[in-house]
Amino acid sequence: MTKPTIHALSRRAVLRGTGALILAFSLSGRAFAQTETGASATPLRGLPGSLDATPRLDAWIRIAPDGNATIFTGKAELGQGIRTALLQVAAEELKLPLSRLDLITADTGRTPNEGYTAASHSVQDSGTAIRNAAAQVREILIGEAARRSGVSRADLTARDGVVTGPAGLSLGYGELVSDTLLHVDAAPTSTLTDPRDFTVMDRPVPRVDIPAKVTGGAAYVQDMRLPGMVHGRIVRPPSYGARLVALDAGPVEAMPGVLKVVRDGAFLGVIAEQEWTAIKAMRWLATLARWEETAQLPDEARLPEALMALPTRDTTILDVGQPDAPAFTLDTLFSRPYLAHGSIGPSCAIAYLEGDAMTVWTHTQGVYPLRDALAGLLAMPPEKVRCIHAEGAGCYGQNGADDAGADAAMLARALPGRPVRVQWMREQEHAWEPFGPGMVARVRAALGPDGAISAWQHDVWSQSHMMRPGPPGTLLAARDKAEPFPPAPPVDLPMPEGGGDRNAVPLYVLPNARAVNHFLPEMPLRGSSMRSLGGYLNVFAIESTMDELARRAGQDPVAFRMRHLQDERAKAVITTAAERFDWKDRPKPPAGGGYGFAFARYKNLEAYCAIALEVAIDADTGRLLVTRVAAAVDTGQVVNPDGVRNQIEGGIVQATSWTLFEGVRFDRRRITSVDWAAYPILRFSRVPRAVEVHIIPRPGLPFLGAGEAAQGPMGAALGNAIRDASGQRLATLPLDASRIRHAMMDPPPLR
Amino acid sequence: MITFTVNGTRRTIAAAPDTPLLYVLRGELELNGAKFGCGLGQCGACTVLVDGEPVFSCITPVMLLDERTVRTIEGLGSADAPGPVQAAFIAEQAAQCGYCIAGMVMRAQALLERDGDPDDDAILAALEPSLCRCGTHVRIVRAVKRAARTMAGKPMAGKVEAVR
Ligand code: FES
Ligand code: FES
């Protein structure tokens, strides 16, 4: 049998059998769908957050005889500040100073299984679990003090790790705790601290990880040095589906300092004592390998057409009233290219086979799912594989982390007893990471005689945004092996969170509206989760259309949005952003200037975010500078306001980069944007100048994730500002200098 | 044998002369600050100072450093006693993942040693070779301004204003 192609699952491949598994899954529709965090979609016990899956209190919190506490989370620090936020939550409810807490993050040997650290769910899942667990632990300790002292618990208070009461009663947590005291299941309800009494939560506590990161501390998996550690590098095929036809590795094996060349089918790696030797050996090995490639990629210049021509599985996700208008005011095709996560540090892992046990240090977003995938890949029992999270560079979704974990494990298996560190090269990360999928969204809308929206239709085309481990076939190494695993089935994440159709249902109140998700089971380029999934393009499409409709109706874009909204929290962020920007009294922009406004509630379930901004465009070059941004967010109860600001500012800058600069480049065979020259991202000269973030206080309301709230609104606000400056509606991303220059040259239509 | 000064200490290096400085710093000398980002001189994650000037250590062969002076972020201070630029980055919480930050700090250090009162354009130009994917730019610029004030003996109490 021919070796199946890795990613481009053509109809041909399905017919000749290599895609049979996929077809079987495809036919089952969304029944096999999973959630983006890997958590069960239906509650098991009705307990808060991740306590529902892991109810034992001492799985989350342990108190030592000295009264210090260790907190366990299944979530991982990805640079989003979760470590600090979770410590704040625990300190607040335990009534223990932050300095007496330690936090253990994602480790299959020690922490609860919280699936993937993804989807802006971490504070909601783990923060809620830890907050409730901590409150219950505190109450148990107070109860124990009451039992021992005979004092009524109403007369006892917990503070600074001590339970105190009348007549000088004072019992430290360390004295009160015993082996079994916390080995109980959580109760459904907890006595939570009133937000008015917070002393640690809702405070801008400085991040605990930053000092090491700015002083050269060992902060990342890339910085780990284990005794006896050696360095591995991988030689990847030149393109998806390339077949290795010849290789004489002899000369590389004979290189001084090279310990081993590892080959398993088309999986090729080198191991050397020194890192630079490993790199030289990798390069040499690459020149010795001969590959047969096929031209199987779509035409990059006609990507939207290529995507829309693929077979689809359609789901109607919204259908109200009579959305089939006799004539639409607007009918626009929006599209985005494939986008790279573009982590600044290429993916890295260290694996160590000791006897019959494999340990992998990895910056994966899901230690448990990766553990299962590696167990499958290595044919080892899962309990013999341990995955320990160690920080990497920011990932913004699934980058090469899991694949690098598999690469390291494959090499470590070939060299038992020595820890093997593998780091990808820049060109490997840029060519092989699972990209944020290219997508198309068509929005049709009609205005009624009253100037309100009378009909609305949204169609979105996208491949899967969820190809994370679990199945070994999600890993590159598993696909390259001599006996390859079948490609993993494409996962269509279901509503209400959605995948490609995330945020395709407008939050606006529309009497006649339809939205259809055209899920593409095929994957022309390798893709998976990237910040906000389909939300970025869907919000871009919806908010561009709202802006255009307002203009056609002769209404102010902010007022036009407000008249179509009922959600008070949505209205509050819009009003706040508009006021802080001084939207109503904005002066007429100078030549080349423009204003843009946009809004979304991420997933229609998480944080609300509205953005107003101003741009200055140089008409001759198309160079756009964002001169001012005012954002307003509502993330429910805030744990760390500076952390929320940091996330929103980051989202604004990252989305500016996506929107103005980015797109994966390829020819019919290969990914060609394999470095920062071919895949440019925003540099300092183009950073938005004044960025203000306003947080709407919502004490006591549930936590809402903030990490992905700004991307959609920022992209759309940029498009709307370009429309304002040029008179042209740009719908094909990226809105790069050449497209902006053309827009500025074309005579604007009558407004 | 190549000998140079790293953070004030003379070191003699065993590595082959064509080895890029980055691998000598991270390997033989076990310093974490300089990071591998691209190995191509495109991202600045590996930035260190050679005789006070920022260089991409990933593309600088160690043989070019004989008898020269190298400074890495470890040489500016420690978590307990951070130098003024490091302290300013902590005060502004100017990091998300932080992987780019050591390179940013080194570029800021070189700038501020040359120009004690840089304007916005000078700060942006000095940082232009360094990439940040998390979008921490706004805070990084604020941190550089804060460090400039500290180094000029006029430390600031509250937060600095945004970039103009
Ligand atoms: S790692 Fe040296 S410039 Fe990127
Ligand atoms: S803080 Fe993550 S790359 Fe800059």
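Note that the structure is predicted; figures quoted are calculated from it, not measured. (Residues numbered from 1 in each chain as written. Chains lettered and ligands numbered in written order. Predicted model: local features only at pLDDT ≥ 70, side-chain atom pairs only at ≥ 80, totals over all residues. Heavy atoms only, no water.)

Considerations on the domain arrangement of chain A
Residue and element names in this part refer to chain A.
- Parsing chain A into structural domains produces domain 1 (6-213), domain 2 (221-293 + 343-432) and domain 3 (439-465 + 500-745).
- Each of domain 1 and domain 2 has a C-alpha centre, and these two points are 32 Å apart.
- Between domain 1 and domain 2, the residue contacts involve 21 residues of the former and 17 residues of the latter.
- Across the domain 1 to domain 2 interface the summed buried area is about 1500 Å²; carbon plus sulfur atoms make up 56%.
- Applying the counting rule to domain 1 against domain 2 returns two salt bridges.
- For Glu391, the salt bridge is made with Lys213, and the minimal N-O distance between the two is 2.7 Å.
- Seen at the junction of domain 1 and domain 2, the total is seven residue pairs in polar contact (both at pLDDT 80 or more).
- The residue makeup of the side of domain 1 that touches domain 2, split by class, is seven nonpolar, nine polar and five charged. (Domains from an automatic or database assignment. Contact = heavy atoms within 4.5 Å. Buried area = accessible area lost by both parts, 1.4 Å probe. Salt bridge = Lys/Arg side-chain N within 4 Å of Asp/Glu carboxyl O. Polar contact = N/O pair within 3.5 Å; in protein donor to acceptor, adjacent residues only side chain to side chain. Nonpolar A, V, L, I, M, F, W, Y, C, P; charged D, E, K, R; others polar.)

Considerations on the sheet that holds strand 3 (residues 101-104) of chain A
All names here are of chain A.
- Strand order in the open sheet made by the three strands is 1-2-3, with mixed pairing throughout. In the strand order of this sheet, the two ends are held by strand 1 (61-63) and strand 3, each with one partner. Neighbour to neighbour, the strand axes of the sheet diverge by 20° on average, direction disregarded.
- Taken together, the three bridges between strand 1 and strand 2 (residues 69-72) define a ladder with antiparallel strand orientation. Paired with Ile61 across the two strands is Ile71, which belongs to strand 2.
- Contacts from helix 3 (residues 82-94) reach strand 1, strand 2 and strand 3, with the element oriented near 135° to strand 3.
- Packing of helix 4 (residues 122-149) onto the sheet brings it into contact with strand 1 and strand 2, and relative to strand 1 it is tilted by some 35°. (Pairing = 2+ DSSP bridges. Helix = DSSP H or I, 4+ residues; strand = E, 2+ residues; numbered from the N terminus. Axes fitted to C-alpha atoms, helices over the stretch in contact; angles between N-to-C directions.)

Quick word on the pairing of strand 1 (residues 2-6) of chain B
Residue and element names in this part refer to chain B.
- With five of five residues buried, strand 1 is to be regarded as a mostly interior element.
- Burial along strand 1 is two-sided: the face carrying Ile2, Phe4 and Val6 and the face carrying Thr3 and Thr5 are both buried.
- Joining the antiparallel neighbours strand 1 and strand 2 (residues 9-13) is a turn of two residues, in which Asn7 adopts a positive phi near 50°.
- Where strand 1 and strand 5 (residues 69-71) come together, two bridges link them in parallel fashion. The residue bridging Val6 from the neighbouring strand is Val70, located in strand 5. (Buried < 20%, exposed > 50% of the residue type's maximum accessible area, 1.4 Å probe, protein only.)

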